[in-house]
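Report on the structure
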Amino acid sequence: MGAHHPRHDLDDALLTPLRFSVMAALRADVEIDFGTLRDLLETDDSALSKAISTLSAAGYVAVRKGFVGNRPRTWLTATGAGIAAMRIHVAALQAIAAGLPPAS
Amino acid sequence: MIDQPSGDSPQSGTDAAARLLQVGDALNDRVHAAIDARTRAIAESCMAAAVLAYVFAVVLSGGGNAGLGAGANGYEPNGLGFAFLILVPFLAATSLEQGLRQSLHTAGHGRSRTRRVLVASASMLPLCVALILVVFWQTPWPLALLITVVTTVPLLLLATQSARRARNWGVRRPKPVWLAPLGGASQISTAVLGLWLGAIAALSGTTLILAGGLTVIAFFCTVMVTQQSRWGLPRLAGEWGREQWSAFGCSYLLMLGLAVVLSRTNWDLTVVGIVGGVCVAAPLVIAAFRPAPIWEP
């Protein structure tokens, strides 16, 4: 069997900087509302919407609609699958950043 | 800081990976800071509520004409016991709040420190006014209450503002998924705190003034000595969940309420004290064995 380069462990759903950032912000024990996440990531509504749709379709992000007072809010959390995928993805990035030789 | 999405081209190469990891770490820090800021806002509004309850208890239990009559057992309180009854839970609350602040990941920035000074000043105003009116001027309680209510307005406004900020915050912890019993030391400390507060409450209604005084002094000394240890109140604050905090809130309010009742009732103070002591102790003793949430470090 050939060498296994860490890039093979990178997750397709997390390959764009924005989707990676969304998952990095949505830690295991946090719930962030859409507007706050948009400001945190310094992006715009449409780009964030697209990123969340992709992550949601992959089963990595759960979307919950709620209200604070009379104002509607969209709350986002990372799912268990999303957290696990992010861990594998981050480990692969760390291996690449460290310049590790391909494991045989 | 974050690039706009640049299509689906895979990031590759060492530099790109390192840059992405840095972005992830920076975001993690900002999310931590946002959660901490919300926790500070909640702590601020709860402490403001605790100060308000404390001030009203001081006025109602110590104002002129307090102790409308001796209890049925003939024991006429001198007010000292009630002062301790009010002071002890307040000391515990302050110590717990300090622990909660220490348990946060990030230090408050300049604006949050300024606000803290503002809230502390707003808290001191009604406290000082209440003490002057009650201790030095022996003002009749309705007048003392009226004046004190006016001085609480700045604190009320700040507390309401903090509560609204916390409610509208866009980053929060969801309902906890993982719950577990408190650690052994925290279980014991929580139960002992409840029993100790209950004992002080029970003794304050009896004629056992020396025993009551010694219990209070021992409490103060223990809080000071254990401040930095794993048995101390600040350590508890980092481990408690919602149930434990609610239980402490109940015990705190019951103790203040008991001070007011004891100073104004004609009932048998021993019975009132003992029943009150049991009620004060029960929430914390039960909460000591209830689970608390486990969060990711």
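- Under an unreviewed UniProt entry, the name given to chain A is ArsR family transcriptional regulator, and the source organism is Cryobacterium arcticum.

1. Re the overall build of chain B
- Along its length, chain B carries 10 helices and three strands.
- Secondary structure of chain B in N-to-C order comes out as α-α-α-α-α-β-β-α-α-α-α-α-β.
- For chain B, buried positions account for 36% of its 297 residues.

2. Points about the sheet that holds strand β1 (residues 171-172) of chain B
- Here four strands make up an open sheet; going across it, the order is β2(A)-β3(A)-β1(A)-β1(B) and the pairing antiparallel. Both edges of this open sheet fall to β2 (61-68) of chain A together with β1 of chain B, since each of them pairs with a single strand only.
- Note that strand β1 (residues 31-33) of chain A and strand β3 (residues 71-78) of chain A share two bridges and pair antiparallel. Looking at β3 of chain A, one finds that D33 of chain A is bridged to W75 of chain A.

3. Describing the interface of chain B and chain A
- At the junction of the two partners, chain B supplies 30 residues and chain A supplies 33 residues.
- Breaking the side of chain B that touches chain A down by element, the ones donating at least two residues are α1 (14-62), α5 (153-168) and β1 of chain B.
- The biggest single contributor to the side of chain B that touches chain A is α1 of chain B, with 12 residues.
- By residue class, the composition of the side of chain B that touches chain A is 15 nonpolar, eight polar and seven charged.
- Across two bridges, the pairing between β1 of chain A and β1 of chain B is antiparallel. The partner of E31 of chain A across the bridge, within β1 of chain B, is R172 of chain B.

4. Some details on unusual backbone geometry
All names here are of chain A.
- The residue E42 is not glycine, and still its phi comes out positive at about 55°.
- Summarising the element assignment, E42 is placed in the loop between α2 (34-41) and α3 (45-57).
- For E42, a count of 11 C-beta atoms within 10 Å translates into the label exposed.

5. Some details on the UniProt feature "transmembrane region" (unreviewed entry) in chain B
All names here are of chain B.
- As annotated by UniProt and renumbered to match this structure, "transmembrane region" (unreviewed entry) occupies residues 46-67, 79-96, 117-137, 143-159, 179-202, 208-225, 245-263 and 269-289.
- Between the C-alpha atoms that bound residues 179-202 the distance is 33 Å, and the span itself is 79% helix and 12% strand.
- Annotated as residues 208-225, this span is 94% helix and 0% strand, and its ends, taken at the C-alpha atoms, are 26 Å apart.

6. A look at the environment of V90 of chain A
- With respect to the helices, strands and loops of the structure, V90 of chain A is situated in helix α4 (residues 80-97).
- C-alpha of V90 of chain A to C-alpha of T36 of chain A: the two residues are 54 residues apart in sequence and 24 Å apart in space.

Calculation criteria
- Residues numbered from 1 in each chain as written.
- Chains lettered and ligands numbered in written order.
- Predicted model: local features only at pLDDT ≥ 70, side-chain atom pairs only at ≥ 80, totals over all residues.
- Helix = DSSP H or I, 4+ residues; strand = E, 2+ residues; numbered from the N terminus.
- Buried ≥ 20, exposed ≤ 12 C-beta atoms within 10 Å, placed from the backbone.
- Pairing = 2+ DSSP bridges.
- Contact = placed C-beta atoms within 7 Å.
- Nonpolar A, V, L, I, M, F, W, Y, C, P; charged D, E, K, R; others polar.
- UniProt positions renumbered as here; feature names shortened; annotations may be inferred.

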